[in-house]
Amino acid sequence: MAVPRGSLAPMDPAPLRIQEGTVRIYRLFDVADAVDLARAETLAAAPTSRFRLEGPRTRSAIEIPVPPVHLRLGSRALPLRSIARAAEARATVSDTGVVSVLFEVAIPPGSTLEDLLPLSEELLDEPTSGIDALARRESEDLARALAPALSRPHSWEGHETYTIFLVRSFDRRVTWPELLGEASLPRLLLGERDPTPLSAAEREDVLKHHFSYLETDLAVVDWNSAFVHEPSGHADIPDLLEFATAHLLELRYYDALLEGELGRIYDEIEATGGPKLLSRRYDRLVRQTAALLLELSEMVERLENAVKIVGDFYLARLYQAALRRFRLPSWKESVLRKQALLSDVNRMLSDNADTRRGELLEVTVIALIAWEILYAFVRH
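Residues numbered from 1 in each chain as written. Predicted model: local features only at pLDDT ≥ 70, side-chain atom pairs only at ≥ 80, totals over all residues. Heavy atoms only, no water.

Enquirer: Can you help me understand the overall build of the protein chain in this one?
Expert: Along its length, the protein chain carries eleven helices and 13 strands. Among the 380 residues that make up the protein chain, the fraction classed as buried is 48%. Partitioning the contacts of the protein chain with sequence separation of at least 6, the portion at a separation of at least 24 is 78%. For the protein chain, the exposed surface amounts to about 19300 Å²; the carbon and sulfur share of it is 56%. (Helix = DSSP H or I, 4+ residues; strand = E, 2+ residues; numbered from the N terminus. Buried < 20%, exposed > 50% of the residue type's maximum accessible area, 1.4 Å probe, protein only. Contact = heavy atoms within 4.5 Å. Areas by Shrake-Rupley, 256 points an atom, 1.4 Å probe, with all protein chains shown as cover.)

Now the structure itself:
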């Protein structure tokens, strides 16, 4: 339609520009079965503090019975191509044995969401082995420094990653519906730089887990990344998402541990060719599986008690939705299923060991009777 002479054509609104914000790059590692946090605080060379939720809405909805320990590690240079390399590093140590390494990079003032797409692609779509290696070295150094506080330390090749784009202010007031309407937002969370618009279904899937308490705040939680606009400046949502990611890592670690232990037990049973009368191998397997079952029970109890939801409030709902988005119920179901299978194996091994001991007792009784008969025959 032609624009009438003398009138002005409608102009697109100026893009939103970030005044203050950071990108939080998380790498999480499982370094021990448990950590004595009080002792870890005394051993740490870096300045420490305890995990504490800042906002009044969060404190009234969520309790953390054993708050993790935060350690400030100082400035680090990150191997990034798409943004300034300087980052502030921090580590979070939880009593479950997880060390979360955070690199926080400042977003250049005046950046748009579109400007952040190269960084998003680099962090989410491309291999970031440089950051992974740097974070693993940080976690290993920390584990060595805190060794006396660690219970059954171990090194596992698996890890978890998460990225949060935290914006505290834009160049103008913006409401959450306006932010959701930004074409760059779902692409930012996917690390997608292709200018071709996303399909409606993909866009809906990325944005459907969005939360807002006030008209001017917004949190969008995806599987591997999140966008948070929090004008209050509180970091409760990123901290809770870090907490949820730590729980996911714990479940993944024990799922892999169970998978390996079940395979090893089956191989050992197959190698023995069944229970032997004078063999103690089954006794050893029974002890090992019983110890692992006890460890799993302690882990499940710690995870269930790590966060207590004491009200149906905004951030409590967000936290529970994040757990579902991270598929924690599926991972927990997998761990519990393998735990039940291990319990069945333990019961079978115990029954076989009891049968072997019964057979050995019967043989002993028969041998004694035979000896008595033979002895009586020789005497007379």
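After that view of the structure, there is still more to cover.
Enquirer: Would you explain helix α10 (residues 314-325) in this entry?
Expert: A turn of α-helix holds 3.6 residues, and therefore any two residues three or four places apart point the same way. Taking 1.5 Å per residue as the helical rise, α10 with its twelve residues ought to reach 16 Å, and the 16 Å between its terminal C-alpha atoms agrees with that figure. Burial within α10 is extensive, with nine of its twelve residues counted as buried. Turning to α10, its buried residues number three or more, namely Tyr314, Leu315, Ala316, Leu318, Tyr319, Ala321, Ala322, Leu323 and Arg325. Positioned one or two residues after α10, arginine 327 has a phi angle of 65°, which is positive. (Expected span 1.5 Å × (residues − 1).)

Enquirer: What is the right way to look at the pairing of strand β7 (residues 98-106) in this model?
Expert: Residues in a regular strand project their side chains so that they alternate between the two faces of the sheet. Most of β7 is tucked away, with eight of its nine residues classed as buried. As judged from the six bridges shared by strand β6 (residues 86-93) and β7, these two strands associate in the antiparallel manner. By the bridge assignment for β7, alanine 89 is matched with phenylalanine 103. Linking β6 back to β7 in an antiparallel pair, the connection comprises four residues, with glycine 97 at a positive phi of about 100°. (Pairing = 2+ DSSP bridges.)

Enquirer: Where do I start with unusual backbone geometry in this structure?
Expert: The general pattern is negative phi for most residues beyond glycine and trans for most peptide bonds. Despite not being glycine, arginine 152 shows a phi value in the positive range, around 50°. Within the element layout of this structure, arginine 152 appears in strand β8 (residues 150-153). Its identity as a non-glycine residue notwithstanding, arginine 327 has a phi of 65°, on the positive side. By the element assignment, arginine 327 lies in the loop between α10 and α11 (328-379). The partly exposed category is assigned to arginine 327, whose relative accessible area is 44%.

Enquirer: Any chance you could explain the environment of aspartate 36 here in plain terms?
Expert: By the element assignment, aspartate 36 lies in the loop between β2 (32-35) and α1 (37-43). According to the relative accessible area criterion, aspartate 36 is partly exposed, its value standing at 40%. As for aspartate 36 and threonine 96, which are separated by 60 residues in sequence, their C-alpha atoms are 9.3 Å apart.

Enquirer: Would you take a moment to explain the pairing of strand β12 (residues 225-229) for this structure?
Expert: Within β12, five of the five residues are buried, leaving the element largely enclosed by the surrounding structure. Burial along β12 is two-sided: the face carrying Ser225, Phe227 and His229 and the face carrying Ala226 and Val228 are both buried. By the bridge criterion, five bridges tie strand β9 (residues 160-170) to β12 in an arrangement that is parallel. Residue pairing across strands places phenylalanine 165 opposite phenylalanine 227, the latter belonging to β12. Across four bridges, strand β11 (residues 218-221) lies against β12 in antiparallel orientation. Paired with alanine 219 across the bridge in β12 is valine 228. Where β11 folds back onto β12 in an antiparallel hairpin, the turn is made up of three residues.

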